Amino acid sequence: MTEGADYTCDNCGAEFTSAEATRTETMGGLDADAWQTLCCPTCGARVKTVFVGRD
């Protein structure tokens, strides 16, 4: 992984930071105020679902 990159897309191999990621709503009924899915800014593939709410 490139220095400074937080994620690598398994689909296209792009490396990107969380700030560069495209954010979408989660699947499976997770609370959208607490969870977001990070997607690859290059190809749009889902990369990781992360907790963004309060503990």
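Residues numbered from 1 in each chain as written. Predicted model: local features only at pLDDT ≥ 70, side-chain atom pairs only at ≥ 80, totals over all residues. Heavy atoms only, no water.

Draft legend 1. Quick peek at the sheet that holds strand E3 (residues 22-24). Read across the open sheet, the 3 strands follow the order E3-E4-E5; overall the sheet is antiparallel. In this open sheet, the two edge strands, each paired with only one partner strand, are E3 and strand E5 (46-51). For this sheet, the mean inter-axis angle between neighbouring strands, taken without regard to orientation, is 35 degrees. Pairing geometry for strand E4 (residues 35-39) and E5, over 5 bridges, is antiparallel. Note that in E5 the partner of Leu38 across the bridge is Lys48. (Pairing = 2+ DSSP bridges. Helix = DSSP H or I, 4+ residues; strand = E, 2+ residues; numbered from the N terminus. Axes fitted to C-alpha atoms, helices over the stretch in contact; angles between N-to-C directions.)

Draft legend 2. Representation of the side chain of Thr37 in the model. Looking at the element boundaries, Thr37 is found in strand E4. There is a polar contact of 3.2 Å between the side chain of Thr37 and the side chain of Thr49. Apart from residues no more than four positions distant in its own chain, Thr37 is found in contact with Thr22, Arg23, Thr24, Glu25, Thr26, Arg46, Lys48 and Thr49. (Polar contact = N/O pair within 3.5 Å; in protein donor to acceptor, adjacent residues only side chain to side chain. Contact = heavy atoms within 4.5 Å.)

Draft legend 3. Looking closely at the packing of aromatic side chains. The final tally for this structure, using the stated rule, is 2 aromatic pairs. Here Tyr7 and Phe16 contribute two aromatic rings whose centre-to-centre distance is 5.9 Å and whose plane-to-plane angle is 35 degrees, an arrangement assigned as tilted. An identical accessibility class is assigned to Tyr7 and Phe16; each is buried. (Phe/Tyr/Trp six-rings, centres within 6.5 Å; stacked < 30°, edge-to-face > 60°. Buried < 20%, exposed > 50% of the residue type's maximum accessible area, 1.4 Å probe, protein only.)

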